[in-house]
Amino acid sequence: MKILIASDIHGSAFYCRKLLEAVDRENADKILLLGDILYHGPRNDLPLEYAPKTVISLLNERKSQILAVRGNCDTEVDQMVLDFPILADYAVLQCGSRIIYASHGHIYNCENPPKFNDGDILLNGHTHVTKCEKREGYYYINPGSVSIPKENTQRGYIIFDNNKFTFKNLDGKIINKLSFE
């Protein structure tokens, strides 16, 4: 199963459309959203074409494809308008013999990691900074932000397929890769 992983849309209809174009181009089976879907948050400037109602419509059309975890800007009110679950604090996925612990990153992160076995994967959004690094005992992976990237990283997403993470910008250009046997 090919999964497109993205985070931090923050209500940008423009970048949500770009993300969904990537889903189609990549022929992804599922979309895993790592939170902060509709609201831009008080610390961020408004993203390009800030239109949460449009984002709601665009994503609800893909509800059968979407898996999501709750971001720090996601609320019960957001759940009332979205037709797919968004309020789980984390999701656990299998990657061969490894566990992928997917969360937004505001609760479980590098400073407060969940209990891992050696080689497991922490998958977060939240920081808006793309990361792919080996930490002590686990791997830390972050797709960055779809709409408001920080620290000179690109807007992008990750394709997870056959135990391989491929980092791409929104135009589909490969930025980085990480494979597991």
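Look up: the structure comes first, before these words.
Here is what the cut-offs are and how they apply
Residues numbered from 1 in each chain as written. Predicted model: local features only at pLDDT ≥ 70, side-chain atom pairs only at ≥ 80, totals over all residues. Heavy atoms only, no water. Helix = DSSP H or I, 4+ residues; strand = E, 2+ residues; numbered from the N terminus. Buried < 20%, exposed > 50% of the residue type's maximum accessible area, 1.4 Å probe, protein only. Contact = heavy atoms within 4.5 Å. Areas by Shrake-Rupley, 256 points an atom, 1.4 Å probe, with all protein chains shown as cover. Lys, Arg positive; Asp, Glu negative; His and termini not counted. Charge placed at Lys NZ, Arg CZ, Asp CG, Glu CD. Core = buried A, V, L, I, M, F, W, Y, C linked by side-chain atoms within 4.5 Å. Polar contact = N/O pair within 3.5 Å; in protein donor to acceptor, adjacent residues only side chain to side chain. Expected span 1.5 Å × (residues − 1). Phe/Tyr/Trp six-rings, centres within 6.5 Å; stacked < 30°, edge-to-face > 60°.

A. Just the overall build of the chain, in detail. On a plain count of helices and strands, the chain comes out with three helices and eleven strands. When the helices and strands of the chain are listed from N to C terminus, the series reads β-α-β-α-β-α-β-β-β-β-β-β-β-β. Along the first, second and third principal axes, the C-alpha set of the chain runs to 40 × 35 × 30 Å. For the chain, buried positions account for 52% of its 181 residues. Across the chain, the fraction of contacts at a sequence separation of at least 24, relative to all contacts at a separation of at least 6, is 54%. When the accessible surface of the chain is summed, it comes to about 8,700 Å², and 47% of that surface belongs to carbon and sulfur atoms. The distance from the centre of the 21 positive side-chain charges to the centre of the 23 negative ones in the chain is 4 Å.

B. Up close: the nonpolar core. Core analysis: the biggest nonpolar cluster contains 28 residues, and L4, L19, L33, I37 and L59 have the highest contact counts within it. Counting residues per element, the ones that place at least two in this core are strand 1 (3–6), helix 1 (13–26), strand 2 (30–33), helix 2 (52–60), strand 3 (66–68) and strand 9 (156–161). With sequence-adjacent residues up to four places away left out, I37 is seen in contact with I9, H10, G11, V55, L59, A68, D74, L82, F84 and I86. Formed by 18 residues, the second largest nonpolar core is a distinct cluster that contains I3, L123, F167 and L178.

C. How the structure looks around the side chain of S145. With respect to the helices and strands, the residue S145 is situated in the loop between strand 8 (138–143) and strand 9. In this structure S145 comes out as buried when scored by relative accessible area, which is 0%. Of the polar contacts made by the side chain of S145, one reaches the backbone nitrogen of I148; its length is 2.8 Å. Ignoring any residue separated from it by four or fewer positions in sequence, one finds S145 in contact with S7, D8, H128, Q154, R155 and G156.

D. Fine view of helix 1. The terminal C-alpha atoms of helix 1, which comprises 14 residues, lie 20 Å apart, in line with the 20 Å expected from a rise of 1.5 Å per residue. For helix 1, the complete set of buried residues consists of A13, Y15, C16, L19, L20, A22, V23 and E26. Elements in contact with the buried residues of helix 1: strand 1, strand 2, helix 2, strand 9 and strand 10 (164–169). Immediately downstream of helix 1, the backbone of N27 shows phi near 55°, a positive value.

E. Structural context of the packing of aromatic side chains. For the coordinates displayed, the defined rule picks out nine aromatic pairs. Centroid distance Y101 to Y108: 5.5 Å. Interplanar angle 80°. Geometry classified as edge-to-face. Accessibility expressed as a relative area gives 10% for Y101, which makes it buried. Classification of Y108 as partly exposed rests on a relative accessible area of 28%.

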